[in-house]
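Residue strings, one per chain:
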Amino acid sequence: MAGATRDNTRVSPSFKMNALLVYSALVVDVFVAAYADITYGSTSQVDVMATIFQICSFFLTVMCLYNMMSETQLVKRAMFFKLADEFAPAVFLTFLYFVFILATRFYRLGLVYQNYPHLQIWNESAFTGLYVFTKIVQVMYYSTVVWSMQKLLASPELFRSSQSSFHSVYPANN
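About the cut-offs
- Residues numbered from 1 in each chain as written.
- Predicted model: local features only at pLDDT ≥ 70, side-chain atom pairs only at ≥ 80, totals over all residues.
- Heavy atoms only, no water.
- Phe/Tyr/Trp six-rings, centres within 6.5 Å; stacked < 30°, edge-to-face > 60°.
- Buried < 20%, exposed > 50% of the residue type's maximum accessible area, 1.4 Å probe, protein only.
- Helix = DSSP H or I, 4+ residues; strand = E, 2+ residues; numbered from the N terminus.
- Patch = residues over 30% accessible without salt bridge, like charges linked within 9 Å, V, L, I, M, F, W, Y side chains within 5 Å.
- Areas by Shrake-Rupley, 256 points an atom, 1.4 Å probe, with all protein chains shown as cover.
- Salt bridge = Lys/Arg side-chain N within 4 Å of Asp/Glu carboxyl O.
- Core = buried A, V, L, I, M, F, W, Y, C linked by side-chain atoms within 4.5 Å.
- Contact = heavy atoms within 4.5 Å.
- Expected span 1.5 Å × (residues − 1).
- Arc of directions from axis to C-beta.
- Polar contact = N/O pair within 3.5 Å; in protein donor to acceptor, adjacent residues only side chain to side chain.

**Things to note about the packing of aromatic side chains**
Item 1. On inspection of all chains with the given rule, the structure shows 11 aromatic pairs.
Item 2. Ring geometry for Phe58 versus Phe59: centroids 5.5 Å apart, planes at 55°, classification tilted.
Item 3. The class of Phe58 is buried, set by a relative accessible area of 2%.
Item 4. A relative accessible area of 37% means that Phe59 is categorised as partly exposed.

**Let's talk about unusual backbone geometry**
Item 1. Positive phi outside glycine occurs at Asn115, with the angle close to 60°.
Item 2. For Asn115, the location among the structural elements is in the loop between helix H5 (88–113) and helix H6 (125–153).

**Quick look at a nonpolar patch on the surface**
Item 1. There is a patch of nonpolar side chains on the surface, built from Val132, Phe133, Ile136 and Met140 and spanning about 360 Å² of accessible area.
Item 2. Mapped onto the secondary structure, Ile136 falls in helix H6.
Item 3. Residue class for Ile136 comes out partly exposed when judged on its relative accessible area of 42%.

**Some remarks on the nonpolar core**
Item 1. If you look at the biggest cluster of nonpolar residues, it comprises 29 residues, and the most contacted ones within it are Val22, Met68, Phe87, Tyr97, Met149 and Leu152.
Item 2. Where this core is concerned, the elements lending two or more residues are helix H1 (15–35), helix H2 (44–69), helix H3 (73–76), H5 and H6.
Item 3. Residue contributions to this core peak at seven residues, all from H6.
Item 4. Excluding its chain neighbours within four sequence positions, the residues that come into contact with Met149 are Ala19, Val22, Tyr23, Leu65 and Met68.
Item 5. The next biggest cluster of nonpolar side chains, apart from the first, holds five residues, and it includes Leu111, Val112, Phe127 and Tyr131.

**Here's the deal with the pattern of salt bridges**
Pairing is possible between side chains that carry opposite charge, provided their charged atoms lie close to one another.
Item 1. Within this structure, the stated rule accounts for one salt bridge.
Item 2. Put simply, Glu86 and Lys151 hold a salt bridge, and the shortest N to O gap is 3.2 Å. Note that Glu86 is positioned in helix H4 (residues 80–86) and Lys151 in helix H6, a separation of 65 residues in sequence.
Item 3. Overall, Lys151 belongs to the partly exposed group, its relative accessible area being 21%.

**Re H1**
Item 1. In this model, H1 (21 residues) spans 30 Å end to end at C-alpha, consistent with the 30 Å of a helix rising 1.5 Å per residue.
Item 2. When H1 is considered as a whole, its buried residues turn out to be Phe15, Asn18, Ala19, Val22, Ala25, Leu26, Asp29, Val32 and Ala33. For H1, the buried positions fall inside an angular range of 155° around the axis, keeping them on one side. Facing away from the buried side of H1, by more than 90 degrees, are the exposed residues Lys16, Leu20, Phe31 and Tyr35.
Item 3. Looking at the buried side of H1, the elements it contacts are H2, H5 and H6.

**Description of H2**
Item 1. Helix length check: H2, at 26 residues, gives a terminal C-alpha distance of 37 Å against a target of 38 Å (1.5 Å per residue), a fit within 8%.
Item 2. Burial in H2 covers these residues: Asp47, Ala50, Thr51, Gln54, Ile55, Ser57, Phe58, Thr61, Cys64, Leu65, Met68 and Met69.
Item 3. In this structure, the buried side of H2 is in contact with H1, H3, H4, H5 and H6.

**Examining the side chain of Thr61**
Item 1. Inspection of the secondary structure puts Thr61 in helix H2.
Item 2. Among the polar contacts listed, one links the side chain of Thr61 to the backbone oxygen of Ser57, at a separation of 3.1 Å.
Item 3. Setting aside residues up to four positions removed in sequence, Thr61 forms contacts with Ala25, Leu26, Asp29 and Tyr141.

Everything listed is a geometric property; what it means functionally is a separate question.
This is the structure:
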């Protein structure tokens, strides 16, 4: 494939670590979200802890993804609206997933604190519908995080070094 080569782009040394952190945080978020699903024996303390862990794992993924994006020229030049436009599906689904996490978890906690029988929570049509939509949004959120990472990794123009803008004060040795 002629012309399909890419220029090597200089990125910071922490680039690989940031990419690894995003995928690791995503795996942690998947496992915590799976654990936070309804179990067959639960107390209100376990539900509160599962809610906190799920929200924290979500924020861990968001922070790692932002840390990865902070190495792009869009963030370095404070072009946040262009970044939001470039990654609009990820931004939208991040907020939507967070809203669904809060709605599902707090609705469940409300039922638990009202001494609602644990297995009867599934008979609540509002909870079942909310749970299903949360899982759909969750899968879409995970896929957009992976899509965002693939877009970041495949777009060297986002990481181009601005060293050409700055000239050395020392003459080059020939």
